[in-house]
Each structure stands twice: as C-alpha cells, then as structure tokens.
Amino acid sequence: GAVVSQWRWIQDDFTSGLQSVLLEFSFPFVSTGNATVNVPLVSPFRYFSDVVIAPLYLAPQRLTGMTPPPTVSSVNTELLHAIGTIPSDLVTFGWYSLGLLGVVVCAVSYGGIASIIDGWVRRRMGPNGPLGALGVAWMLFTAFCVMYADPQMVLEGGFYLYVATAVVFMPTLGSLARGRQ
C-alpha cells in the first residue's frame with residue numbers, strides 16, 4: 001500500500017521524487033555546514049565526550065533514574081531547529097568534538113578501525129557460509145558509520161550485530177580462555 005503509493009507519486013512527479021531523494025541524503029552537507037558555523041561560537045566543543053555518553057543510552061533509564069546528557073545528534077538537530085533527528089556524520093562528529101583536528105582524528109580513527117574490521121573479516125570469516133554473511137554485515141555496518149557517526153547511534157544501531165558476533169564466536173573465546181589457564 002504505502003510503498004506503492006509512494007512509487008506512484010515519484011512516477012507522476014519525477015522532479016518532486018528526485019528532490020525528496022536528494023533531501024534525504026543531503027543531511028551530511030547541512031550538518032557539516034551548521035557545525036562549522038556554530039561550533040565553538042554557539043555550542044562548545046564536545047571533546048569526544050559522546051564516546052563516553054553512548055553506553056549510558058543502553059542502560060534502562062526507568063531503572064537507573066538517570067537521563068544521559070544530549071548526544072551530538074541531539075545538539076546538531078537543536079542547532080538546525082529541525083524536527084526529528086538530524087544525525088551526525090563522521091565529519092560533523094569530528095568538528096563538534098575538536099574542530100578541524102577532530103575531523104582528522106575521526107578520519108584516521110575510522111580508517112584504522114575499518115582496516116582492522118576488514119582484516120578480521122577476511123581472516124576469521126572468509127567469503128562463504130554463514131560467517132561470510134556475518135562478515136558482509138560487518139562491512140555494511142562499517143560503511144553505515146560514515147553517515148551515522150554519533151557513537152550512541154553506532155552503539156544502538158549495531159547492538160544486534162555485536163550480540164550475534166559474540167554468540168557466534170563465544171565457543172572460540174571459551175577455548176582461548178581455557179588454553180591460557
């Protein structure tokens with residue numbers, strides 16, 4: 001129903017459909033422009049505090065009674081006066097954290113992490129079978145982190161992938177632990 005009606009709307013009015021798609025993927029440019037204008041003048045640098053804040057969002061707030069501080073995406077959305085959430089991409093996250101130096105730190109860190117994940121996927125999972133599918137999921141997730149670099153979104157968005165990977169490799173981890181005793 002909804003998908004068919006959306007597709008018909010795009011077919012009937014191609015220009016509006018194209019504009020809708022372009023707007024959907026333009027948020028990194030808008031967010032980066034917003035960050036370079038507003039940080040640190042309107043909003044202070046965050047000094048990578050979002051890496052520490054992210055796990056707090058996994059804790060059940062009703063049980064802990066604690067509300068975590070706003071994430072970088074929340075601040076970004078607020079500064080844009082937008083409705084919903086405008087996610088923070090890798091460049092924007094770096095700028096909010098430490099300006100141009102933060103962008104460099106994020107780029108180098110992301111490259112290093114992507115390289116480690118790529119090597120790990122190739123060594124441990126190979127191209128075939130269920131482990132190959134898990135490896136593809138990790139590579140897609142790593143690419144997802146460029147557009148959605150808010151650590152809270154990365155932690156929450158990849159939670160099932162982390163759990164699945166832990167379950168798959170739990171026997172390996174157990175044998176490694178027994179071998180070291």
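Criteria and thresholds
Residues numbered from 1 in each chain as written. Predicted model: local features only at pLDDT ≥ 70, side-chain atom pairs only at ≥ 80, totals over all residues. Heavy atoms only, no water. Helix = DSSP H or I, 4+ residues; strand = E, 2+ residues; numbered from the N terminus. Buried < 20%, exposed > 50% of the residue type's maximum accessible area, 1.4 Å probe, protein only. Contact = heavy atoms within 4.5 Å. Salt bridge = Lys/Arg side-chain N within 4 Å of Asp/Glu carboxyl O. Phe/Tyr/Trp six-rings, centres within 6.5 Å; stacked < 30°, edge-to-face > 60°.

Draft legend 1. Structural context of the overall build of the protein chain. When its secondary structure is counted, the protein chain shows ten helices and zero strands. Along the protein chain, helices (α) and strands (β) appear in the sequence α-α-α-α-α-α-α-α-α-α when read from the amino end. Evaluated residue by residue, the protein chain yields a buried proportion of 31% over its 181 residues. Nonlocal contacts in the protein chain, meaning residues at least 24 apart in sequence, comprise 61% of its contacts between residues at least 6 apart.

Draft legend 2. How the structure looks around the pattern of salt bridges. Evaluation of the coordinates by the stated rule reveals one salt bridge. Between Arg46 and Asp50 there is a salt bridge, with the nearest N and O atoms lying 2.7 Å from each other.

Draft legend 3. Fine view of the side chain of Ser43. With respect to the secondary-structure elements, Ser43 resides in the loop between α3 (27-38) and α4 (50-53). For Ser43, a relative accessible area of 8% translates into the label buried. Apart from residues no more than four positions distant in its own chain, Ser43 is found in contact with Asn38, Val75 and Leu79.

Draft legend 4. Here's a closer look at the packing of aromatic side chains. If you walk through the whole model with that rule in mind, you get eleven aromatic pairs. Relative to Tyr148, the ring of Phe27 lies with its centre 5.5 Å away and its plane at 40°, an arrangement referred to as tilted. On the criterion of sequence distance, the pair formed by Phe27 in helix α3 and Tyr148 in the loop between α8 (129-147) and α9 (151-157) is long-range, its members being 121 residues apart. For Phe27, a relative accessible area of 10% gives the class buried. Given a relative accessible area of 27%, Tyr148 falls into the partly exposed group. Considering the side-chain rings of Phe141 and Tyr162, the 5.9 Å spacing of their centres and the 90° angle between planes classify their relative orientation as edge-to-face. Here the residue Phe141 occupies a position in helix α8, and Tyr162 occupies one in helix α10 (residues 159-180), the gap between them amounting to 21 residues. When its relative accessible area of 25% is taken as the criterion, Tyr162 is described as partly exposed. Each member of the aromatic cluster is reached from another via a ring pair, and the members are Phe27, Trp120, Trp138, Phe141, Phe144, Tyr148, Tyr162 and Phe169.

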